[in-house]
Amino acid sequence: MAKFDLHYHTNIHRMPERNKRLRLRKIAWYLEHLGLDYLASTEHSYKKPLEAYQRLAEATAHLDTEIIPGVEAVSCEGIDIIFLYRTEEQLARALGQHQTFRWSVRDVGAICRDTDAVSIVPHPFHMGQSSAGNILSRRAYHRLLSVADYVEIHNGSAMKMDDRLAGSRARNCFRQTQAKLDMTLNLPMRARGNGLGWAVSSDAHYPGEQFMAGYTDLEPAPGQDVIDFLKQRVRFEPLLLKQPDARKLDRNVRLLRDFQCVLKEGLVKKCIKTSNWTQAMSALCVYYGLLKPF
């Protein structure tokens, strides 16, 4: 049995160096006890994904877990798409095509061909504003699936909120939220497209929060590159690695920390989008002679 986590965030961007080292040691400690065979480093495109991969690979070099270079990039539609690569060099070259808000989901197939990538549509109906199924029409969503390699059918990041609502008397007040959590933890067959691989991932942003991964009875052949293996569009099954914290206080603290992380990432994306729009408008003004170039 081979165990894969195809969506993971080291989440060390803008941290002081001492804090980075501490977090990486914690990540390595947890990974050593989880026994994963493969872990995809898929830091967001606006949080230095190359550095995240390099530091994670270095910190876990003594483990049996192989780190796959990758990025969770944001399209101009605001949709997250994961791209996985064979080597650090391939990831470094490909990042120019994954600049935040500067490519379209219509380009996913071409990007994969040009950069030799494996693509994953993550958390299609999660609560966040970057999920393909929440933004695109039904036809456009299935068109995206038709050019992708994988769709994420289980995303462990929803487990904490789902667990919290399960013990709450106010659960009936959050029916829409619960519906999105249900689809994130078990994507319905009607939303999985045709002929795609099925990814099962933790989407963890903090050490010790890898609750779920994927497993398959298939294994890469001796000497086979893991990307070639993934290009077979493997259908992973969910594997529970650990349960979220049972204590209410711990669950609430972790949820607040998650909301803080989501808020920060949202603000960064908003700043990038505003900056891109400002640059574009300035260029147009210069072109039409309304402003002098700097």
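Basis of the calculations
- Residues numbered from 1 in each chain as written.
- Predicted model: local features only at pLDDT ≥ 70, side-chain atom pairs only at ≥ 80, totals over all residues.
- Heavy atoms only, no water.
- Helix = DSSP H or I, 4+ residues; strand = E, 2+ residues; numbered from the N terminus.
- Rg over C-alpha atoms; globule rule 2.2 N^0.38 Å.
- Contact = heavy atoms within 4.5 Å.
- Areas by Shrake-Rupley, 256 points an atom, 1.4 Å probe, with all protein chains shown as cover.
- Lys, Arg positive; Asp, Glu negative; His and termini not counted.
- Charge placed at Lys NZ, Arg CZ, Asp CG, Glu CD.
- Buried < 20%, exposed > 50% of the residue type's maximum accessible area, 1.4 Å probe, protein only.
- Pairing = 2+ DSSP bridges.
- Axes fitted to C-alpha atoms, helices over the stretch in contact; angles between N-to-C directions.
- Parallel < 35°, antiparallel > 145°, perpendicular 65-115°, else oblique.
- Left-handed = near helix turned anticlockwise from the far one by under 90°.
- Nonpolar A, V, L, I, M, F, W, Y, C, P; charged D, E, K, R; others polar.
- Core = buried A, V, L, I, M, F, W, Y, C linked by side-chain atoms within 4.5 Å.
- Disulfide = S-S within 2.5 Å.

**Points about the overall build of the protein chain**
The number of helices and strands found in the protein chain is ten helices and nine strands. Over its C-alpha atoms the protein chain spans a radius of gyration of 19 Å, differing by no more than 12% from the 19 Å that the globule rule assigns to 294 residues. Along the first, second and third principal axes, the C-alpha atoms of the protein chain reach 60 × 55 × 45 Å. Within the protein chain, contacts between residues at least 6 apart in sequence are counted, and of these 77% link residues at least 24 apart. Surface summary for the protein chain: the accessible area is close to 15,100 Å², and the carbon and sulfur share equals 53%. Averaging the locations of the 41 positively and 33 negatively charged side chains of the protein chain gives two centres separated by 9 Å.

**Considering helix H2 (residues 49-59)**
Looking only at H2, the buried set comprises Pro49, Ala52, Tyr53, Arg55 and Leu56. Here the buried face of H2 lies against strand E1 (2-8), helix H1 (17-34), strand E2 (38-41), strand E3 (66-74) and helix H3 (88-94).

**Comments concerning the pairing of strand E6 (residues 150-155)**
Burial runs high along E6: six of the six residues are buried. Alignment of strand E5 (residues 118-121) against E6, held across two bridges, turns out to be parallel. Looking at the pairing, Val121 lines up with Val151 of E6. Inspection of the sheet shows E6 paired to strand E7 (residues 197-201) by five bridges, in the parallel sense. The partner of Asn155 across the bridge, within E7, is Ser201.

**A look at the packing of H1 against H2**
At their nearest, the axes of H1 and H2 sit 9 Å apart, and the two run at 55° to each other. Judged by the angle between their axes, H1 and H2 are oblique. Crossing handedness for the pair H1 and H2: right-handed. Note on element contacts: H2 touches H1 through Glu51, Arg55, Leu56 and Ala59, opposite Glu17, Lys20, Arg21, Leu24, Ile27 and Ala28. Class assignment of the residues belonging to the contact of H1 with H2 gives a composition of five nonpolar, no polar and five charged.

**Side note on the nonpolar core**
Formed by 72 residues in total, the largest nonpolar core has its most connected members in Leu6, Phe83, Leu84 and Leu230. Apart from residues lying up to four places away in sequence, Leu230 is in contact with Phe4, Leu6, Ile68, Leu84, Val118, Tyr150 and Phe236.

**Observations regarding the state of the cysteines**
Taken as a whole and assessed by the stated rule, the structure comprises zero disulfides. Counting only cysteine sulfurs, Cys76 is the nearest neighbor of Cys112, a cysteine outside any disulfide, at a range of 16 Å. In this structure Cys271 is a free cysteine whose sulfur lies 15 Å from that of Cys261, the closest cysteine sulfur available.

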